[in-house]
Each structure stands twice: as C-alpha cells, then as structure tokens.
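# Coordinate inspection notes
What follows is the residue order along each chain.
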Amino acid sequence: MKPAETPLDLLSATAGRSYAPDQPLAELGFAEQLVVWCLRVQWRMPEEGKERSVLLQRAFDALDLPGGAALVAELAGALTRAVRRPLTIACPRWRVLTGDEVRVLNFIAALQRHGASPRAALDPSWVAAPCGASPVWAPAQRFALALSAAGLTLGNAHAPASPFPEAMPRILH
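### Looking at the overall build of the protein
A count of helical and extended segments in the protein gives 7 helices and 0 strands. Listing the helices and strands of the protein from first to last along the sequence gives α-α-α-α-α-α-α. Sequence-distant contacts in the protein: of pairs separated by 6 or more residues, those separated by 24 or more amount to 66%. Total accessible area on the protein stands at roughly 9100 Å², and carbon and sulfur atoms take up 57% of it.

### Here's the deal with the nonpolar core
Counting residues in each nonpolar core, the largest one holds 45 residues, and the members touching the most others are Leu34, Phe60, Ile108, Phe143 and Leu154. Looking at this core, the elements that each hand over two or more residues are α1 (30-43), α3 (54-62), α4 (68-82), α5 (99-112) and α7 (137-149). The greatest single-element share of this core, amounting to 10 residues, is contributed by α1. Once residues lying within four places of it in the same chain are set aside, the contact partners of Phe60 are Leu34, Cys38, Leu65, Pro66, Gly68, Ala69, Val72 and Phe143.

### Some words on the pattern of salt bridges
Per the counting criterion, the structure on display carries 4 salt bridges. Between Arg142 and Glu74 there is a salt bridge, and its shortest N-O distance comes to 2.3 Å. Of the two residues, Arg142 is situated in helix α7 and Glu74 in helix α4; the sequence distance between them amounts to 68 residues. The class of Arg142 is partly exposed, set by a relative accessible area of 38%. We note a salt bridge from Asp100 to Arg103, for which the minimum N-O separation is 3.5 Å. Of this pair, Asp100 and Arg103 both sit in helix α5, 3 residues apart, which is roughly one turn of that helix. As far as burial versus exposure is concerned, Asp100 and Arg103 are alike and both buried. In the salt-bridge network here, residues are joined through shared partners; they are Arg85, Asp100 and Arg103.

### Section: the packing of aromatic side chains
What the rule picks out here adds up to 2 aromatic pairs. Their ring planes at 80° and their centres at 6.4 Å tell us that Phe60 and Phe143 sit as a pair that is edge-to-face. You can see Phe60 sitting in helix α3 and its partner Phe143 sitting in helix α7, a full 83 residues away along the chain. Its relative accessible area of 0% is what places Phe60 among the buried residues. With relative accessibility at 2%, the residue Phe143 sits in the buried group. Where Phe107 meets Trp137, the ring centres are 5.3 Å apart and the plane angle is 65°; that geometry is what we call edge-to-face. A residue pair is termed long-range when its members are at least 10 positions apart, and Phe107 in helix α5 and Trp137 in helix α7 qualify at 30 residues. Classification of Trp137 as partly exposed rests on a relative accessible area of 21%.

### Section: the packing of α1 against α5
At a minimum axis separation of 11 Å, α1 and α5 run at an interaxial angle of 130°. Between α1 and α5, the angle falls in the class oblique. Handedness of the α1/α5 crossing: right-handed. Contacts between α1 and α5 involve Glu32, Val35, Val36, Leu39 and Arg40 from the former and Glu101, Val104, Leu105 and Ile108 from the latter. Here the residues of the contact of α1 with α5 are counted per class, giving 6 nonpolar, no polar and 3 charged.

### Digging into unusual backbone geometry
A positive phi is found at Asp22, a non-glycine position, where the angle reads about 70°. Here Asp22 shows up in the segment before α1. Positioned with a positive phi, Asp64 is a non-glycine residue whose angle comes to about 60°. Structurally, Asp64 is set in the loop between α3 and α4. By relative accessible area, Asp64 is classed as exposed at 66%.

The rules behind these values
- Residues numbered from 1 in each chain as written.
- Predicted model: local features only at pLDDT ≥ 70, side-chain atom pairs only at ≥ 80, totals over all residues.
- Heavy atoms only, no water.
- Helix = DSSP H or I, 4+ residues; strand = E, 2+ residues; numbered from the N terminus.
- Contact = heavy atoms within 4.5 Å.
- Areas by Shrake-Rupley, 256 points an atom, 1.4 Å probe, with all protein chains shown as cover.
- Core = buried A, V, L, I, M, F, W, Y, C linked by side-chain atoms within 4.5 Å.
- Buried < 20%, exposed > 50% of the residue type's maximum accessible area, 1.4 Å probe, protein only.
- Salt bridge = Lys/Arg side-chain N within 4 Å of Asp/Glu carboxyl O.
- Phe/Tyr/Trp six-rings, centres within 6.5 Å; stacked < 30°, edge-to-face > 60°.
- Axes fitted to C-alpha atoms, helices over the stretch in contact; angles between N-to-C directions.
- Parallel < 35°, antiparallel > 145°, perpendicular 65-115°, else oblique.
- Left-handed = near helix turned anticlockwise from the far one by under 90°.
- Nonpolar A, V, L, I, M, F, W, Y, C, P; charged D, E, K, R; others polar.

So this is what it looks like as structure tokens:
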C-alpha cells in the first residue's frame, strides 16, 4: 500500500528549494533569478508583454538559448489570458518575490522535476473551465524544457552554486 501523498502547497515547492512571497531574490539560485527577471522585464513590454524584449534576447543569446525571449513572451501572454485578475509581477529591480512569481516558479520547477506532479503545482485559477485545460501549460513546459536543455534547473537545492555568467546583464538581482 502506498502512503498518501500530501498535496503541494501552491506557495511552496516541496522537493528542493522552497519559494515564498517576500522571499529575497538573493536567496534564490541563478535559474530562479533568471526566470523572475525575465518575467519582470517581459511584463514591462507594451501591450501586456506581447512583444519580445531585446534585453531578454541578449541575455538568452549569452546563455546560448536563442529562442528564450520568444518563450518568455509566449508564457507572459498565456498568463495574461489565463488569469482573470491583475497579476502581481514586480519591476525588475524589486528585491523580493511576489505571490504570483512564486506560483510561476513552483510550476516551472515541477515541470522540470522527474517524479513531480506539475498538475498539483498548477494554480487552479489558471485552468480554463469547463475543459480543465490551461493555456499556461504548454508555454511553461516549452520554457522549462529550454531551461533544462541550457543546464538551468529550478528548485534543485543540491546543485552546486554556479558563478554568475559574465555576459548576463547586471540588472539581474
């Protein structure tokens, strides 16, 4: 008989790092900081983040992930369509996580983890009724896969600390 699994709290990651609203970005790994910074930069783009950011494209080029800016724009657009309230995505210089940023980090981390249940990490408000599908799922999955392919894993508490890539913009916290 299998032990009952405890449901994932949407504001914390179970396996690996734990994310919480108001958590300083300095406590996060590079992959998490990059994801938050990307969302924040994309959110500041005209028309609710639909255009790709040149700044993001430069950052992803430095990481040898040329399609990264398009993936972030696609994810931001899906979040805008899925969530029926204003999302709390801070400005790029804000030094702590917001609740919505925590939800995005948890979902992407769950998509990257083997044996994790991404569906449990998906915020219920992001699911489109009545079919139960979410417009956030596919773009988040593509972004998570691209990050994994570039060697950037979220929520991995056992990963050795990696140095800050020299080519990355210094605005990243």
